[in-house]
Amino acid sequence: MYTTISNKFIKAPFSVSLISAPFSGGQGKLGTEYGAEEMLKFGLANQIEQMGYVVNQLSIEAPENLKPLSEPESGNIKNIQWVSNVCKELSSKVEQECRARSLAITLGGDHSLGIGSLDGSSKAYGDDLCVLWVDAHADINTFDTTESGNIHGCPVAVAYRIEKSPIFNWVQNNLRKDRLAYIGLRDIDREEMKILKDLNIKVFTMYHIDKYGISKVFDMAMEYMNPNLDRPIHLSFDIDCLDPIYAPSTGTPVRGGMTSREGHFLCEAISETGCLVAIDLVEVNPRIGDTDSLSITVEMGCSLIRCAIGESLL
Ligand SMILES: NC(=[NH2+])NCCC[C@H](N)C(=O)O
Ligand SMILES: [Mn+2]
Ligand SMILES: [Mn+2]
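If you look the protein chain up in an unreviewed UniProt entry, it shows as Arginase from Smittium simulii. Its UniProt record, at the heading Pathway (unreviewed entry), says of the protein chain: "Nitrogen metabolism; urea cycle; L-ornithine and urea from L-arginine: step 1/1." Under the Sequence similarities (unreviewed entry) heading, UniProt states for the protein chain: "Belongs to the arginase family."

K.L.:
Account for the coordination of the manganese ion (ligand 2), with residues named and values stated.
P.N.:
Summarising the metal site, the manganese ion (ligand 2) is bound by the protein donors D135 (OD), H137 (ND1), D238 (OD), D240 (OD) and D240 (OD), whose distances to it range over 2.1 to 2.4 Å. Taken in chain order, the donor set of the manganese ion (ligand 2) reads D-x1-H-x100-D-x1-D. Separating the manganese ion (ligand 2) from the manganese ion (ligand 3) is a gap of 3.2 Å, which D135 spans by donating to each of them. You can see D135 sitting in the loop between β4 (130-134) and α5 (155-159) and its partner D240 sitting in the loop between β7 (233-238) and α9 (260-273), a full 105 residues away along the chain. The exposure class assigned to D240 is buried, which follows from its relative accessible area of 1%.

K.L.:
I'd like to hear about the coordination of the manganese ion (ligand 3), residue by residue, with values.
P.N.:
Distances from the manganese ion (ligand 3) to its protein donors, H111 (ND1), D135 (OD), D139 (OD) and D238 (OD), fall at 2.0 to 2.2 Å. Motif for the manganese ion (ligand 3), donor spacing along one chain: H-x23-D-x3-D-x98-D. In this structure D238 comes out as buried when scored by relative accessible area, which is 2%.

K.L.:
Which residues make up a negative patch on the surface, and what values go with them?
P.N.:
On the surface, E147, D187, D189 and E191 cluster together into a negatively charged patch. In this structure, D187 sits in the loop between β5 (180-185) and α6 (190-198).

K.L.:
If you had to explain the sheet that holds strand β6 (residues 202-205) to someone new, which residues and values would you point to?
P.N.:
Spatially, the 8 strands line up as an open sheet ordered β2-β1-β3-β8-β7-β4-β5-β6, and their pairing is parallel. The strands lining the two open edges of the sheet, one partner per strand, are β2 (54-59) and β6. On average, each strand axis in the sheet is tilted by 15° relative to the strand beside it, whichever way the strands run. In this sheet, β7 lies alongside β4 in parallel orientation, the contact comprising 5 bridges.

Reading the values: rules and limits
Residues numbered from 1 in each chain as written. Chains lettered and ligands numbered in written order. Predicted model: local features only at pLDDT ≥ 70, side-chain atom pairs only at ≥ 80, totals over all residues. Heavy atoms only, no water. UniProt positions renumbered as here; feature names shortened; annotations may be inferred. Donors = N, O, S within 2.8 Å, 3.2 Å for Na, K, Ca; no water. Helix = DSSP H or I, 4+ residues; strand = E, 2+ residues; numbered from the N terminus. Buried < 20%, exposed > 50% of the residue type's maximum accessible area, 1.4 Å probe, protein only. Patch = residues over 30% accessible without salt bridge, like charges linked within 9 Å, V, L, I, M, F, W, Y side chains within 5 Å. Areas by Shrake-Rupley, 256 points an atom, 1.4 Å probe, with all protein chains shown as cover. Salt bridge = Lys/Arg side-chain N within 4 Å of Asp/Glu carboxyl O. Lys, Arg positive; Asp, Glu negative; His and termini not counted. Charge placed at Lys NZ, Arg CZ, Asp CG, Glu CD. Pairing = 2+ DSSP bridges. Axes fitted to C-alpha atoms, helices over the stretch in contact; angles between N-to-C directions.

Structure representation (structure tokens):
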């Protein structure tokens, strides 16, 4: 049992809300919908309780029940109405937990869920909210620029209203692009590159991690968006930010990623700020790879979450 976990925004008794979001409609591979279930089966809730937190376990309404009878015409964009419905549902759950000043952890599911979780946390915390998007990918395609048509490649554009599709009109928040930073990028589409540059968004790629080290990169990100460490932070963690050696069971792996220690360090450093209010742990796909790959990836996800809420800090 850990004594006090200090956090500027979460009120004692320190509570964590584990929100299962078993959804894979934001991309084409089945299996991501089992990510949350596998992390829970591995004992995540109990592990967090052992750390001294009060754990609330909840789930979004089953995505199957949120599936529209038919999808509107939307070019190559897949499941646009379904993704919208599921994200709207997630947004309200995350907002509710954040308003109760519990730390909201979304267990995905694919990264399209980021539309809902960011909308929810930002509705609760307002424009102070800072977002760290830790990923191999920028996920900032608009519905015009996406080549795959998978919305898990578009959540940042939708959440920040760069993509203004009327289907997502319920996304009304005060997210600020100058309080967003990426860490770990190494697979950016050409059109995404243009968006990142045009909007002057803060990006730390693998190059920066190699050049400065992860510790300095984290400090630079904080200096940029949260210099006095007095603003709430939402960590959106795509497991594919790690090198596939450390997280093989994921749908869009990219070689040359962060090491296990770099990922853990990042989570520890965030925990140390005392500002973390929400986490997304997404893109774990238990159906990819053999049972070894599965357990490596699931254990990794759980371990990162525990570190982000203070496991390895004294
Ligand atoms: N959340 C993810 N794993 N996203 C991968 C996105 C890949 C590619 N950029 C796309 O738009 O389709
Ligand atoms: Mn990714
Ligand atoms: Mn992603």
